[in-house]
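Each chain is listed here by its residues.
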Amino acid sequence: MRLSRMYLPTLKEDPADAEIISHKLMLRSGMIRKVTAGVYAYMPLGFRALKKVENIVRQEMDGIDAQEILMPALQPAELWQISGRWYAYGSEMMRLKDRHQREFCLGPTHEELVTTLAREVRSYRDLPIILYQIQVKFRDEIRPRFGVMRSREFIMKDAYSFHAHRESLAAVYASMHQAYGRIVKRCGLNYRSVQAAGGLIGGAVSEEFHVLAETGEDTIIFCSECDYAANLELAASRWHLLPNEEPQPLSKVETPGKIAVSDVAKFLDVPSSKLVKTLLYKDKSGELFGALIPGHRSVNPAKLTLALGREVALLDKNEFNIYPQLTYGYIGPIGLHGIKLIADTSLKQLYNFIVGANESDHHYKNVNLERDFTPDAWGDIIYAEEGDICGQCGQGELRKLRGIEIGHIFQLGTKYSEKMGITFVDKTGKPKPFIMGCYGVGVSRLVAAAIEQKSDERGIIWPISIAPFHVHLIAVGKDEKVKETAEELYNNLLAEGVEILYDDRSISAGIKFAEADLIGLPLQVIIGKKFLETKKFEVKERENGELTEVPFESIIGWLKDKIHSEVTPKETRARWIKIAPFR
Ligand code: ATP
Ligand code: MG
């Protein structure tokens, strides 16, 4: 492509409403343009990068015998009413009515629809089957932000597998796991896979794939010693052992106007780890629960929900008026009748701690378990923190990283097939609901995540595998001979199938160089007056700024070597199919 013909509207300045680097650079390099909040158009440069990622994903799916289909974005409400998710999805679902007032949604995901497509699988002999699509999804996110990273319309690869038994699901899940790893690696990115919470999609076993980046919205917890890695949402932890203490006599102390943990701790001259907070939660039926945690930690709502086996919400300050026995700011476990108490397991080793006295301006000191109160249940209900002991190996310490979730895989089981009554005939001739898995990649998010991980102060640094073009040819100056040589090289490289962007415009060299660094193609070939003397091209590698002088005769071979050494060779595909365990 000639730059003089290309629609590449670049911006010199950072756009005001872009917070993170990928969003800024995607706008500045003319890859995307905003249509409305959380809705973007892909411009020519952006669309090329998107297609590159899409094709890697497609190759890896085809490589494990997943079959590509295309389902509609427009889905009838009935499908979601049968599964029960029409209501559960809430306001994240984009809903609409047709001219006959029939209800529809724009698919946030496709479990329901794809399950109905499996209706014609008759026998266990036809299983497993994996179907996938690369298609647009709609989610009315509360806070669409960061450009295509969290948008309301985005492109997802979603795959679904159907099985006769659990072992088959586990095998396909494992080959998906491998394929996902290869996808991110082939995109040239550092990543980690972590244990994840199921969320609205459901299922017991699930893992997320995260591209590592400071600006990632997710926190990943991993062990310094073993392979434990999990999303902070569910990461387990243990505490370092604390010394035993001699229990002291319980006493009530005045703490006038002191409510916040830090204020009480300061007032009583103890570290905040000596305090135990009691937080009140309410379930849907209105039943109250008290969650006891160390003063310097916070409740992890997802873990609390798991431990209690039900959804709960923190009691609002205003709601305290409804319950005359509750004293806001001074809640504690002693004498808190009629409220079930769940305590974090870390408290088991605490002695002589401080709790609220259920009376204004008072706390209890030297509280000890069993002697002064006994919780109804124990559970791991706090957020894991850096430095905690690993819950899996009990040896290593936990560390934190920030990540961008670009993929999520689930072993679903029969959740959808059962509710929707979609069955196959098993070995004994009986109808059975399919056992299912589902597997998503945020294709458009992956493009943004790549830029988030790979850029510098001048612009994007594309990994060669997903770069919109491989080579950026820059002709400098007005010399006719230079122009002729550049034209010749451009045509030869095109003929060789090299993806090349040729800056043939009559503008200053400074602007050309700045723009080349901004859009970040991996190999810049520069030809100016110097070439006429040396007969050598100057090649700059965008990633490390390395300059190489390459003679006229060998430039094509040199560039092709660079490009092919980075792109995964074709023959590995056969190997991937062999690795993937089936049936
Ligand atoms: P998140 O926690 O970021 O909202 P999710 O758990 O809702 O993600 P899934 O339902 O697992 O996401 O969807 C599969 C993939 O689709 C995600 O791993 C992510 O890469 C991508 N994705 C999800 N929501 C968005 C969005 N609003 N914009 C862009 N990509 C998204
Ligand atoms: Mg989401």
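Criteria and cut-off values
Residues numbered from 1 in each chain as written. Chains lettered and ligands numbered in written order. Predicted model: local features only at pLDDT ≥ 70, side-chain atom pairs only at ≥ 80, totals over all residues. Heavy atoms only, no water. Helix = DSSP H or I, 4+ residues; strand = E, 2+ residues; numbered from the N terminus. Buried < 20%, exposed > 50% of the residue type's maximum accessible area, 1.4 Å probe, protein only. Areas by Shrake-Rupley, 256 points an atom, 1.4 Å probe, with all protein chains shown as cover. Lys, Arg positive; Asp, Glu negative; His and termini not counted. Charge placed at Lys NZ, Arg CZ, Asp CG, Glu CD. Contact = heavy atoms within 4.5 Å. Pairing = 2+ DSSP bridges. Axes fitted to C-alpha atoms, helices over the stretch in contact; angles between N-to-C directions. Salt bridge = Lys/Arg side-chain N within 4 Å of Asp/Glu carboxyl O. Core = buried A, V, L, I, M, F, W, Y, C linked by side-chain atoms within 4.5 Å. Parallel < 35°, antiparallel > 145°, perpendicular 65-115°, else oblique. Nonpolar A, V, L, I, M, F, W, Y, C, P; charged D, E, K, R; others polar. Polar contact = N/O pair within 3.5 Å; in protein donor to acceptor, adjacent residues only side chain to side chain. Near = heavy atom within 4 Å. Phe/Tyr/Trp six-rings, centres within 6.5 Å; stacked < 30°, edge-to-face > 60°.

Asker: Is there a simple way to think about the overall build of the protein in this case?
Answerer: Along the protein, the regular secondary structure elements total 15 helices and 33 strands. Dimensions of the protein along its principal axes, counting C-alpha atoms only, are 95 × 65 × 50 Å. Looking at the protein residue by residue over its 583 residues, the buried ones come to 52%. Carbon together with sulfur atoms contributes 51% to the accessible area of the protein, which is approximately 26,900 Å² in total. Each charge sign in the protein was given a centre, from 76 positive and 78 negative side chains, and these centres are 3 Å apart.

Asker: I would appreciate a short explanation of the environment of Leu315 in the present structure.
Answerer: Tracing the sequence through the fold places Leu315 in the loop between strand E17 (312-314) and strand E18 (340-344). For the pair Leu315 and Leu279, spaced 36 residues apart in the sequence, the C-alpha separation amounts to 8.1 Å. If near-sequence neighbours (up to four positions away) are discounted, Leu315 is found in contact with Leu280, Tyr281, Lys282, Leu288, Phe320, Tyr323 and Leu326.

Asker: What should I look at first to understand the sheet that holds E18 in this one?
Answerer: Backbone-to-backbone hydrogen bonds join strands into a sheet, with any given pair of strands oriented parallel or antiparallel. Across the sheet, five strands lie side by side as E17-E15-E16-E18-E21; this open sheet has mixed pairing. Single-partner strands in this sheet number two, and they are E17 and strand E21 (377-379). Averaged over all pairs of adjacent strands, the angle between their axes in this sheet comes to 35°, without regard to strand direction. Note: strand E15 (residues 276-283) against strand E16 (residues 288-294), seven bridges, orientation antiparallel. Considered in E16, the bridge of Lys282 is made with Leu288.

Asker: Even after reading the chapter, I still don't get the pattern of salt bridges, so can you show me in this structure?
Answerer: A side chain of one charge can pair with a side chain of the opposite charge if their charged atoms are brought near each other. Scanning the entire structure with this criterion turns up 43 salt bridges. Put simply, Asp456 and Arg542 hold a salt bridge, and the shortest N to O gap is 2.8 Å. Within this pair, whereas Asp456 is found in strand E27 (residues 455-456), its partner Arg542 is found in the loop between strand E32 (536-541) and strand E33 (547-551), the two being separated by 86 residues in sequence. Classification of Arg542 by relative accessible area gives buried; the value is 2%. Put simply, Arg505 and Glu515 hold a salt bridge, and the shortest N to O gap is 2.9 Å. Residue Arg505 is found in the loop between strand E30 (500-503) and helix H12 (509-519), and its partner Glu515 is found in helix H12; the two are separated by 10 residues along the sequence. Connected through salt bridges with shared partners, the residues Asp456, Glu457, Arg458, Asp517, Lys540 and Arg542 form a single ionic network.

Asker: Looking at this model, I keep getting lost on the sheet that holds strand E29 (residues 471-475). Mind explaining?
Answerer: What the five strands build is an open sheet, ordered E30-E29-E31-E32-E33; its pairing is mixed. Where the open sheet ends on each side, the last strands, each with one partner, are E30 and E33. Averaged over neighbouring strand pairs, the angle between their axes works out to 25° when direction is ignored. Running over the sheet, helix H11 (residues 480-495) touches E29, E30, strand E31 (523-527) and E32 and is turned about 165° from E30. Together, E29, E30, E31 and E32 form the strand contacts of H12, whose direction differs from that of E29 by roughly 175°.

Asker: Would you mind showing me how to read the pairing of strand E11 (residues 218-223) here?
Answerer: As a general feature of sheets, a regular strand has side chains that alternate between the two faces. Counting buried positions over the six residues of E11 gives six, a clear majority of the element. Neither face of E11 is left uncovered, since the one carrying Asp218, Ile220 and Phe222 and the one carrying Thr219, Ile221 and Cys223 both have all their residues buried. Sheet topology places E11 next to strand E23 (residues 398-413); six bridges connect them, and they run antiparallel. When the sheet's bridge partners are listed, Cys223 is paired in E23 with Leu398. Two strands pair when backbone bridges link them, and E11 and strand E12 (residues 229-231) are joined in this way by three bridges, in the antiparallel orientation. Note on E12: the bridge partner recorded for Phe222 is Ala229. Hairpin connection between E11 and E12: a loop of five residues separates the two successive antiparallel strands.

Asker: Even after reading the chapter, I still don't get the nonpolar core, so can you show me in this structure?
Answerer: Within the largest apolar cluster, 63 residues are counted, with the highest numbers of intra-cluster contacts made by Met31, Met61, Tyr180, Tyr439, Leu446 and Trp462. Broken down by element, the residue count for this core peaks at eight residues, all from helix H6 (residues 166-186). The residues touching Met61, leaving out its near neighbours within four places in the chain, are Ala66, Tyr132, Lys157, Ala159, Met176, Ala179, Tyr180 and Ile183. Counting 26 residues, the second largest nonpolar core, distinct from the first, contains Trp80, Leu131, Phe410 and Phe434.

Asker: Looking at this structure, I do not really get the packing of helix H1 (residues 21-28) against helix H10 (residues 443-453). What am I missing?
Answerer: Helices that pack against each other are described as a pair by the angle of their axes relative to one another and the distance between those axes. At a minimum axis distance of 8 Å, the contact between H1 and H10 shows a crossing angle of 105°. Of the possible angle classes, the one that applies to H1 and H10 is roughly perpendicular. Listed contacts from H10 to Ile21, Ser22, Leu25 and Met26 of H1 are Val447, Ala448, Ile451 and Glu452. Among the residues making up the contact of H1 with H10, the classes are represented as six nonpolar, one polar and one charged.

Asker: Could you clarify how one ought to interpret the side chain of Ser465 in this entry?
Answerer: Counting through the fold element by element, Ser465 comes out in the loop between strand E28 (459-460) and E29. Looking at Ser465, its side chain comes within polar contact range of the main-chain oxygen of Arg186, at 2.5 Å. In contact with Ser465, not counting residues within four places along its chain, are Lys52, Ile56, Arg186, Cys187 and Gly188.

Asker: Teacher, can you tell me more about the site of ligand 1 here?
Answerer: In the vicinity of ligand 1 there are 15 residues, among which Arg139, Glu141, Arg150, Ser151 and Glu405 approach most closely. Contact between ligand 1 and His408: an oxygen atom at 3.3 Å from a side-chain N or O atom of the residue. In isolation ligand 1 offers 580 Å² of accessible surface; the protein chains occlude 87% of this area. Mapped onto the shell around ligand 1, the elements with two or more residues apiece are strand E8 (153-163) and E23. Within the shell around ligand 1, the residues separate by chemical class into six nonpolar, four polar and five charged.

Asker: Hey, could you run me through the packing of aromatic side chains in this one?
Answerer: Given two aromatic rings, one states the distance between the centres and the angle between the planes to describe the pair. In this structure the tally under the stated criterion is 11 aromatic pairs. The interplanar angle of 85° and the centroid separation of 5.0 Å between the aromatic rings of Phe320 and Tyr328 together place this pair among those described as edge-to-face. When the ring of Phe537 is compared with that of Phe552, the centres are 6.1 Å apart and the planes differ by 25°; the resulting orientation is stacked. A residue pair is termed long-range when its members are at least 10 positions apart, and Phe537 in strand E32 and Phe552 in the loop between E33 and helix H14 (555-566) qualify at 15 residues. Among the residues examined, Phe537 registers a relative accessible area of 1% and is labelled buried. You can call Phe552 partly exposed: its relative accessible area is 32%. Aromatic ring contacts, followed pair by pair, group Phe162, Phe424 and Phe434 into a single cluster.

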